[in-house]
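# What the coordinates show
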Amino acid sequence: MPRLVDRLPADDRTNGWSALLPARLPSAPLQGDLDVDWVVVGAGYAGVAAARQLARLQPSASIALIEAGVVGENASGRNSGFAIDLPHTPGTSAEATEQGRRAIRIGHFALNELDGLVKEHAIACDWEKSGRYHVAVTHEVAAQTLKNYAANLDTWKEPYEWLDQKKLQDRLGTNYYRAAIYTPGTYLLNPAALIRGLADSLPAQVQLFENSPAIEVDLDGPSPLVRTALGRIRARKLILAVNAYSQSFGVYRERQMPILLFASLTPTLTESQVAMLGTDHTWGVTPAESIAGSTLRLTRDRRLMIRQGFEYSPTLRTTEERRTKAKAMNLGLLRRRFPQLGDMGLEHFWMGWLAVSRNHAPAFGQIAANAFAASCCNGSGIVRHTAAGMLIADVAAGRENPLIADFLAQGTADYIPPRPLRDIGVGLTMMWDMWRGRAER
Ligand SMILES: Cc1cc2nc3c(=O)[nH]c(=O)nc-3n(C[C@H](O)[C@H](O)[C@H](O)COP(=O)(O)OP(=O)(O)OC[C@H]3O[C@@H](n4cnc5c(N)ncnc54)[C@H](O)[C@@H]3O)c2cc1C
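Residues numbered from 1 in each chain as written. Predicted model: local features only at pLDDT ≥ 70, side-chain atom pairs only at ≥ 80, totals over all residues.

## Here we look at the overall build of the protein chain
To keep things clear, this is the line we draw: We count a stretch as a helix when DSSP gives it H or I for four or more residues in a row; a strand needs E for two or more, and each element gets its number in order from the N terminus. Two things to know: the radius of gyration comes from C-alpha atoms, and the globule rule equals 2.2 Å times the number of residues to the power 0.38. Counting other C-beta atoms within 10 Å of its own, a residue is labelled buried from 20 upward, exposed at 12 or fewer, and partly exposed in the gap between, with every C-beta atom placed from the backbone. The contact criterion used is a C-beta to C-beta distance within 7 Å, with each C-beta placed from the backbone.
Helix and strand content of the protein chain: twelve helices and 19 strands. Taken against the 2.2 N^0.38 rule, which gives 22 Å for 441 residues, the C-alpha radius of gyration of the protein chain at 21 Å falls within 12% of a compact globule. Over its C-alpha atoms, taken along the principal directions, the protein chain stretches across nearly 60 × 50 × 45 Å. Going through the 441 residues of the protein chain one by one, you find that 49% of them count as buried. Put simply, of all contacts in the protein chain between residues at least 6 apart along the chain, 78% involve residues at least 24 apart.

Okay, here's the thing in structure tokens:
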């Protein structure tokens, strides 16, 4: 049955990462009718990885990749730029550590893919294996969450270093954190540059159409159909890779929740400000308290980045008032960490949406006879959704890959009651999580 896509992404042109890059000419929008073997909807990490994998598996197949906006301006280009190798499994049960092992295999697979592509295509995205500080602000979170994480890392035989407040002060230039676990495998990068580079290096058999939102789809027919404002694509098979926007296609509506996050970049710090920071020339911090906490970076070009805020956002829109508050919060939290830097301002402030499920499991698989979806990233999608994109292409093309079992072992996103009941339950739970973890902000 044809279905109108009821909510499209809207680019507010605020993404700080792409503002630092040279201008890029988007590919032309879809015009007219096209018949192809495959259509992939959404050119984020999942969609681009799916299209590339399909091209590898079927070198003579025709593949169309359609993107509502411009590559790099949605979540894939707006995130904090951590390509994370390890899961954050908080539990220490045998099941949780085994899940962790599976997630590590998936993480290594996708990171190898990304590392290979960055090198092969000389993608200039500040790609650097800087590692990651997983931090606790309070003694309680250090003693519980970080200790549990250390136990997991021991079990997985993953290298790490435990740092106290003094060592963190030396390395990062802030005494805000009580303790951290440093793991060396995370890459830091400019996400807009990475996703642009990945999309622009797709094989020639993939036709990318930007500024081409799917406004109507028929997922159920023998040949799925996608309609845009100026064209129409009929395909043998379709892959939906729109993450938070899946609900607009009527897909996984009762399994995933759109979440809104806010991020900011300072101007380049002066030489004297840099001298007041620590010994690491570039670093990344992720919060042990993942919902309430803040992600932080010192970028290669000497800017501080902060990502804070995690709120249920069912309409995929927000208000100017909310943005103003979030921006003030970003700045206040930065100044609290680095009072020595004086009256620091923000050069860029933006927001982005991702999708989470109640049980942190993905929404992934076949959604109709000839349609498949990779959705619900639960954060960490640079790596996880590169894997999801490649694996959904394998599933759709009927290729066996043992990593599919690892991916599926995460389970399927749990059912959540529909709105408006959900708005009350989820909204309250998240507000409670934010309030409970407020000391970790
Ligand atoms: C502020 C922020 C910070 C984050 N930090 C990190 C981080 O440091 N590390 C990390 O790994 N992850 C991070 N994430 C999460 C990460 O960005 C996502 O997991 C990732 O972008 C998911 O990739 P995706 O391709 O599945 O979805 P998306 O990146 O959302 O891509 C989906 C694409 O589908 C397109 N689309 C939607 N509707 C339509 C339509 N109707 N027609 C055509 N196209 C459509 C969208 O325009 C979009 O380009 C962060 C996210 C945010 C918002």
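## Here we look at the nonpolar core
What counts, and what does not: Buried Ala, Val, Leu, Ile, Met, Phe, Trp, Tyr and Cys residues whose C-beta atoms connect them within 7 Å together make up a nonpolar core.
In terms of nonpolar packing, the biggest core is built from 126 residues, with Val 39, Val 40, Val 41, Ala 50, Ile 239, Leu 240 and Ile 392 touching the most fellow members. Looking at which element gives the most residues to this core, the answer is helix H10 (residues 381–397), with nine residues. Excluding anything up to four places from it in sequence, Val 40 contacts Gly 47, Ala 50, Ala 51, Ile 63, Leu 65, Ile 239 and Ala 241.

## Let's talk about the environment of Leu 208
Among the secondary structure elements, Leu 208 is positioned in strand E9 (residues 206–209). Through-space distance from the C-alpha of Leu 208 to that of Leu 65 is 4.8 Å; in sequence the pair is 143 residues apart. Every residue in contact with Leu 208, bar those within four places of it in the chain, is listed here: Ser 27, Ala 43, Leu 65, Glu 67, Ala 199 and Leu 202.

## Topic: the site of the ligand
Rule in force here: For each residue, a C-beta atom is placed from the backbone, and the residue is labelled near a molecule or strand when this atom is within 6 Å of it. Each residue gets one label: Ala, Val, Leu, Ile, Met, Phe, Trp, Tyr, Cys and Pro are nonpolar, Asp, Glu, Lys and Arg are charged, and the others, such as Gly, are polar.
The local shell around the ligand holds 42 residues, among which Gly 42, Gly 44, Asn 79, Gly 352 and Gly 381 are the closest. For the shell around the ligand, the secondary structure elements donating two or more residues are helix H2 (45–57), helix H3 (75–78), strand E13 (257–265), strand E17 (348–356) and H10. Here the shell around the ligand gets four residues from one element, more than from any other, and that element is H10. By residue class, the composition of the shell around the ligand is 24 nonpolar, 15 polar and three charged.

## Overview of helix H5 (residues 139–156)
Using the following cut-off: Expected span of a helix, by definition, is 1.5 Å for each gap between consecutive residues, and there is one gap fewer than residues. To obtain the bend at a residue, axes are fitted to the seven residues ending there and to the seven starting there, and the angle between these axes is taken.
Compared with the 26 Å implied by 1.5 Å per residue over 18 residues, the 25 Å span of H5 between its first and last C-alpha is a close match. The largest bend in H5 comes to about 30 degrees, at Leu 146. Of the surrounding elements, those touching the buried residues of H5 are helix H4 (94–120), strand E5 (132–136) and strand E7 (179–183). Downstream of H5 by one or two residues, Lys 157 has phi in the positive range, about 60 degrees.

## Description of unusual backbone geometry
Arg 419 connects to Pro 420 through a cis peptide bond whose omega is 5 degrees. Inspection of the secondary structure puts Pro 420 in the loop between helix H11 (402–408) and helix H12 (421–436). A positive phi angle is found at Asn 243, which is not glycine, with a value near 45 degrees. The topology assignment puts Asn 243 in the loop between strand E12 (231–240) and E13. The exposure class assigned to Asn 243 is buried, which follows from the 29 C-beta atoms found within 10 Å.

## A word on the pairing of E13
Convention followed: Pairs of strands are assigned from DSSP output, requiring at least two bridges between the strands.
In terms of burial, E13 is largely enclosed, as nine of its nine residues are buried. Pairing analysis gives nine bridges linking E13 to E17, with the strands arranged antiparallel. Among the inter-strand pairings, Ser 264 is bridged to a residue of E17, identified as Phe 349. As paired strands, E13 and strand E16 (residues 304–312) are joined by six bridges and run antiparallel to one another. Across the sheet, the residue bridging to Ala 263 is Arg 307, located in E16.

## Quick look at the packing of H4 against H5
As a reminder of what qualifies: For every element, the axis is a line fit to its C-alpha atoms; helices are fit only across the contacting stretch, and the angle between N-to-C directions ranges from 0 to 180 degrees. Here the angle decides the label: under 35 degrees means roughly parallel, over 145 means roughly antiparallel, 65 to 115 means roughly perpendicular, and every other value means oblique. By convention the crossing between two helices is left-handed if the near helix lies anticlockwise of the far one by an angle smaller than a right angle, and right-handed if it lies clockwise.
Relative orientation of the contacting elements H4 and H5 amounts to 65 degrees, with a least axis distance of 10 Å. Here H5 runs roughly perpendicular to H4, going by the angle between their axes. Our pair here, H4 against H5, has a crossing hand that is right-handed. Together, Thr 97, Gly 100, Arg 101 and Ile 104 of H4 and Asn 152, Thr 155 and Trp 156 of H5 make up the contact between the two elements. When the residues that make up the contact of H4 with H5 are grouped by side-chain class, the tally is two nonpolar, four polar and one charged.

## Quick notes on the sheet that holds strand E15 (residues 295–298)
Whenever strands of a sheet pair, they do so through backbone hydrogen bonds, lying parallel or antiparallel. Taken in spatial order, the eight strands line up as E6-E7-E5-E14-E15-E16-E13-E17 in an open sheet, and their pairing is mixed. Because the sheet does not close on itself, it has two edges, and the strands there are strand E6 (161–164) and E17. Pairwise comparison of adjacent strand axes, ignoring direction, gives a mean angle of 20 degrees for this sheet. On top of the sheet, helix H9 (residues 320–337) reaches E13, E16 and E17; it is set at about 135 degrees to E16, its chief contact.

## Quick look at the packing of H4 against H10
Interaxial distance between H4 and H10 falls to 8 Å at its minimum, and their mutual angle equals 90 degrees. Considering their axes alone, H4 and H10 lie roughly perpendicular with respect to each other. Facing Ile 106, Gly 107, Phe 109, Ala 110, Leu 111, Glu 113 and Leu 114 of H4, the residues of H10 in contact are Val 383, Thr 386, Ala 387 and Met 390. Residues belonging to the contact of H4 with H10 are distributed by class as follows: eight nonpolar, two polar and one charged.

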